[in-house]
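Reading the structure
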Amino acid sequence: MSKEYETVIGLEVHVELATKTKIFCGCSTAFGGAPNTHTCPVCTGMPGSLPVLNKQVVEYAIGVGLATNCSITQYCKFDRKNYFYPDNPQNYQISQLYLPICRNGHVDIEVDGVKKAVGIHEIHMEEDAGKLVHDEWENTSLVDFNRSGVPLIEIVSEPDMRSADEVIAYLEKLRLIIQYLGASDCKLNEGSMRADVNLSIREVGATEFGTRTEMKNLNSFKAIARAIEAEKVRQIDIIESGKEVVQETRRWNDDKEYSYAMRSKEDAQDYRYFPEPDLVPISISDEWIAKIKDAQPEFRDEKKVRYKEEYDLPEYDIDIITNSKHLADIFEETISITNKPKEVSNWLMGDTMKLLKSEEKSVEDISFSPKNLARLIDIIDEGKINRTMAKEVFENIFKDDVDPDKYIEEHDMGMVSDDGALKTTIEEIVANNPQSVADYKGGKTKAMGFLVGQTMKAMKGKADPASVNKILKGILDNI
Ligand SMILES: [Zn+2]
């Protein structure tokens, strides 16, 4: 019988914080920009320049720590991690080794109905490096220091995960917590959230960990899941063939679904860490922590409970709306104007999702104002337009954020509410379609639908189907 193995996974997640300026200087953190335009002597490592800590970085780090049940290190320090790389102009990175700002936390995940807490070993603050741009045509490598000094937090989990599904659930949970806090947009594809996967294999029941490898260059949840599966198989093959797994850093190539060794995995001692001499230790008061705690938003789990209690929405709707802070904000703002949660949810779940899909956009791209959606819902309730027209109006709200009242007026969409005019039209339709009338009288109720259709056509769609049905039935039943 072949042996049974267990996969042991821990994650190191780097998150770029949403501060306007860098961690140790006043340069902009804006993504993009012409190369080396967001730079100064500090973030390009010029001799004699001195770092000054950005207070907002500490606040975001504490915020994430509190939201992930960590204890905050009230006396914390920065350390210097020494290494040479062309995108690292100081030849060291200012990071934290001995006294990271947050420790011993956890987040709760759920996979297939099974709940589990994933431990957080620590969260530390550090600066990002620049970027090397390889130009194969010119056979040169250039360096862009715009990213150098962008603030990061690194969230180091305990090796508590056992499958790709648990890893994705953990990352989703972290992403939502940080997005709700506004501490980062957490976009894997733009690199504002990056996950390195530490993975080892051991026999089920073993108490010691196997030798782990670290995988880098994972820029989507799908890539992470594929990389985990491939690495698991690779390590089991090595063990089964009697060889030993080598501790190393591997780079994942998602197109080829294959990873290759980058370098042997280094330990902390290889970096000759020492206390950063250019920065004073940070002292974090109880009051400061309390203030940050008070300012924490309502997170997803709490929102889900409240939406169920207050709005009685289907679980499916609640799941989707709260899965994005942006969408939850739109929902809440719309119902603060028109208190019709089910209607609002229907527009978000139905037409909004359909339009996003057809335009290949994500919920984060929704740009219409809640007040226009709220007004559209009220207009429908006032009976001014029917649902078919409302869909057209909504499409224009979705695309161009139009004012629904103006749009309806400009396109002459207002409904004929004059029952007299409607009755005259219906009488004409009935007179011109004796066969359908006879069919209806003979018990073919379908014929009624045809007559409604003819009336709507004659009214150019500007009639309320409910009124048409009512008047038509009255006329037919009296023949
Ligand atoms: Zn700078």
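Given the structure is predicted, the values throughout are model-derived calculations rather than measurements.

What counts and how
Residues numbered from 1 in each chain as written. Predicted model: local features only at pLDDT ≥ 70, side-chain atom pairs only at ≥ 80, totals over all residues. Heavy atoms only, no water. Donors = N, O, S within 2.8 Å, 3.2 Å for Na, K, Ca; no water. Tetrahedral: all angles 85-135°; square planar, octahedral: opposite > 155°, others 65-115°. Helix = DSSP H or I, 4+ residues; strand = E, 2+ residues; numbered from the N terminus. Domains from an automatic or database assignment. Pairing = 2+ DSSP bridges. Contact = heavy atoms within 4.5 Å. Axes fitted to C-alpha atoms, helices over the stretch in contact; angles between N-to-C directions. 1 Å grid on protein atoms, 1.4 Å probe; cavity = no way out; pocket = protein on both sides within 12 Å on 5 of 7 lines; lining within 4 Å. Points joined across faces, edges and corners; volume = space filled by probe spheres on them. Nonpolar A, V, L, I, M, F, W, Y, C, P; charged D, E, K, R; others polar. Parallel < 35°, antiparallel > 145°, perpendicular 65-115°, else oblique. Left-handed = near helix turned anticlockwise from the far one by under 90°. Expected span 1.5 Å × (residues − 1). Buried < 20%, exposed > 50% of the residue type's maximum accessible area, 1.4 Å probe, protein only.

To continue, consider the coordination of the zinc ion. Summarising the metal site, the zinc ion is bound by the protein donors Cys-25 (SG), Cys-27 (SG), Cys-40 (SG) and Cys-43 (SG), whose distances to it range over 2.3 Å. Around the zinc ion, the four donor atoms are arranged such that angles at the metal cover 102 to 116°; this shape is classified as tetrahedral. On the primary sequence, the residues serving as donors to the zinc ion are separated as C-x1-C-x12-C-x2-C.

To continue, consider unusual backbone geometry. Positive phi, close to 60°, is recorded for Asn-69, a residue that is not glycine. One can find Asn-69 in the loop between α1 (55-67) and β2 (71-72). In this model, Cys-186 sits at a positive phi of 50°, which is unusual for a non-glycine residue. As for its placement among the helices and strands, Cys-186 is situated in the loop between α2 (164-181) and β11 (193-203).

Under the domain assignment, the protein chain is made up of domain 1 (5-288), domain 2 (298-410) and domain 3 (419-477). If you average the C-alpha positions of domain 1 and of domain 3, the two centres end up 68 Å apart.

On to the sheet that holds β11. Pairing is mixed in the open sheet, where nine strands are placed in the order β2-β6-β7-β10-β1-β11-β12-β13-β14. The open sheet has two edge strands, β2 and β14 (258-264), and neither has a second partner. As paired elements, strand β7 (residues 114-127) and strand β10 (residues 151-157) share seven bridges and run antiparallel to each other. Each bridged residue has a counterpart across the sheet, and for Glu-127 the counterpart in β10 is Pro-151. Relative to β7, α1 is tilted by about 165°, and along the sheet it contacts β2, β6 (102-111), β7 and β10. Set on the sheet, helix α3 (residues 221-240) makes contact with β1 (5-16), β11, β12 (213-216), β13 (248-253) and β14; between it and β11 the angle comes to about 30°.

Of the voids in this model, the second largest pocket is the one considered here, and its volume is about 890 Å³. Forming the boundary of the second largest pocket are 27 residues, of which Asp-108, Lys-173, Arg-300, Asp-301 and Lys-304 lie nearest the centre. Looking at the lining of the second largest pocket, the elements with two or more residues in it are α1, β6, α2, α5 (300-311) and α6 (315-322). A class-by-class count of the residues in the lining of the second largest pocket yields eleven nonpolar, four polar and twelve charged. Each of two domains, domain 1 (5-288) and domain 2 (298-410), supplies a minimum of three residues to the lining of the second largest pocket.

Before going further, it helps to examine the packing of α5 against helix α7 (residues 325-337). Relative to each other, α5 and α7 sit at 30°, their axes nearing to 13 Å. On the basis of the axis angle, α5 is roughly parallel to α7. Considering how the two elements wind past one another, α5 and α7 form a crossing that is left-handed. Every residue of α7 that contacts α5 at Lys-303, Arg-306, Tyr-307 and Tyr-311 is listed here: Ala-328, Phe-331, Glu-332 and Ile-335. Grouping the constituent residues of the contact of α5 with α7 by class yields five nonpolar, no polar and three charged.

With that out of the way, let us pick up helix α9 (residues 370-381). Along an α-helix, residues three or four positions apart point the same way, because every turn accommodates 3.6 residues. Across its twelve residues, α9 extends 17 Å between first and last C-alpha, which sits within 8% of the 16 Å expected from 1.5 Å per residue. Among the twelve residues that make up α9, nine are buried, leaving the element largely enclosed by the rest of the structure. Listed in full, the buried residues belonging to α9 are Pro-370, Asn-372, Leu-373, Ala-374, Leu-376, Ile-377, Asp-378, Ile-379 and Ile-380. Buried positions along α9 lie against α7, α8 (341-358), α10 (387-400) and α11 (404-410). Once α9 finishes, Gly-383 follows within two positions and takes phi at roughly 75°, a positive value.

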